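Residue strings, one per chain:
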Amino acid sequence: MAAYSKADLERRMAGAVEALKGDLGGLRTGRASAALLDPVTVEVYGAHMPLNQVATVSAPEPRMLSVQVWDKSNVGPADKAIRSAGLGLNPIVDGQTLRLPIPDLTEERRKELAKLAGQYAEKARVAVRNVRRDGMDSLKTDEKKGVISEDERKRLETEVQKLTDATIADVDSAATAKEKEILGK
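Residues numbered from 1 in each chain as written. Predicted model: local features only at pLDDT ≥ 70, side-chain atom pairs only at ≥ 80, totals over all residues. Heavy atoms only, no water.

The terminal C-alpha atoms of helix α4 (residues 150-183), which comprises 34 residues, lie 49 Å apart, in line with the 50 Å expected from a rise of 1.5 Å per residue. Positive backbone phi, approximately 70°, marks Gly-184, located one or two places after α4. (Helix = DSSP H or I, 4+ residues; strand = E, 2+ residues; numbered from the N terminus. Expected span 1.5 Å × (residues − 1).)

Quick look at the structure:
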């Protein structure tokens, strides 16, 4: 039984890129985006639930988010969750709707966010490299067990490296695009 699986490596590397895109989506640029509130969890009914499972999040204007809470009793917890999420947003409660004006970003805050985008990208690169290392290790194991020949191992290692390079290029382009968006360039 071969330990090496190209499909598994591709899936895991794609997972690292998806995780990065999720992290980057939560970073605030100057524009309102419903994805901004994705990381927010609300304590309701004795459990922590994602905000989008207790309310409808929309961006009616470029500088305003609207959170329509479905159950009146959850308005307070939703307001509290958004305030304590560290996003720098202060909801205005209007019945069962929370209006969130998106403040302008200071230059300093933009730089902090761009730096954070870079850190997220580095975390994704490390994850991709770890997947590559696992792939290379399983190829060596397969060769030792006699499942594949030395030539086959070398050919597959080249394949793994190409996959790694392509995935890291995806990570870099996602991070660069987000940094440009944050810095308004």
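The next thing to look at is the packing of helix α1 (residues 6-25) against α4. Direction vectors running N to C along α1 and α4 enclose 10°, while the axes themselves pass 10 Å from each other. For the element pair α1 / α4, the angle class is roughly parallel. Here Lys-6, Leu-9, Glu-10, Met-13, Val-17, Leu-20, Lys-21, Leu-24 and Gly-25 of α1 lie close against α4, whose contacting residues are Glu-159, Val-160, Leu-163, Thr-164, Thr-167, Asp-170, Val-171, Ala-174, Ala-175 and Lys-178. Split by residue class, the contact of α1 with α4 holds 10 nonpolar, 3 polar and 6 charged. (Axes fitted to C-alpha atoms, helices over the stretch in contact; angles between N-to-C directions. Parallel < 35°, antiparallel > 145°, perpendicular 65-115°, else oblique. Contact = heavy atoms within 4.5 Å. Nonpolar A, V, L, I, M, F, W, Y, C, P; charged D, E, K, R; others polar.)

Moving on to helix α2 (residues 75-83). For α2, the set of buried residues is Val-75, Ala-78, Asp-79, Ala-81 and Ile-82. Down the axis of α2, the buried side of the element spans an arc of 165°, and every buried residue falls inside it. As for α2, its buried residues are in contact with β1 (41-44), β4 (64-69), β5 (92-94) and β6 (97-101). (Buried < 20%, exposed > 50% of the residue type's maximum accessible area, 1.4 Å probe, protein only. Arc of directions from axis to C-beta.)

Counted under the stated rule, the structure contains 18 salt bridges. Across the pair Arg-12 and Asp-8 runs a salt bridge, and its minimum N-O distance is 3.8 Å. Here Asp-8 and Arg-12 lie together in helix α1, a separation of 4 residues that amounts to about one turn. Note on Arg-12: relative accessible area 29%, which makes it partly exposed. Residue Arg-153 pairs with Glu-143 through a salt bridge whose shortest N-O separation is 2.3 Å. Residue Arg-153 is found in helix α4, and its partner Glu-143 is found in helix α3 (residues 107-145); the two are separated by 10 residues along the sequence. (Salt bridge = Lys/Arg side-chain N within 4 Å of Asp/Glu carboxyl O.)

It is worth spelling out the nonpolar core at this point. Judged by nonpolar contacts, the single largest core of 20 residues is most densely connected at Leu-37, Leu-51, Val-67, Ile-82 and Leu-89. Broken down by secondary-structure element, the contributors of at least two residues to this core are β1, β4, α2 and β6. At 4 residues, the largest contribution of residues to this core is made by α2. Apart from the residues within four sequence positions on either side, Val-67 is in contact with Leu-37, Leu-51, Ala-55, Thr-56, Val-57, Ile-82, Gln-96, Thr-97, Leu-98 and Leu-100. (Core = buried A, V, L, I, M, F, W, Y, C linked by side-chain atoms within 4.5 Å.)

Next up on the list: the pairing of strand β3 (residues 55-61). Sheet analysis places β3 next to β4, joined by 5 bridges and oriented antiparallel. What sits directly across from Ser-58, in β4, is Ser-66. If you look at the hairpin formed by β3 and β4, you'll find 2 residues sitting between the two strands. (Pairing = 2+ DSSP bridges.)

With that settled, consider the sheet that holds β3. In spatial order, the strands read β3-β4-β6-β5; together these 4 strands make up an open sheet with antiparallel pairing. Each edge of the open sheet is held by one strand with a lone partner, namely β3 and β5. Averaged over neighbouring strand pairs, the angle between their axes works out to 25° when direction is ignored. Pairing analysis gives 5 bridges linking β4 to β6, with the strands arranged antiparallel. In the sheet register, Leu-65 faces β6, and the bridge partner there is Leu-100.

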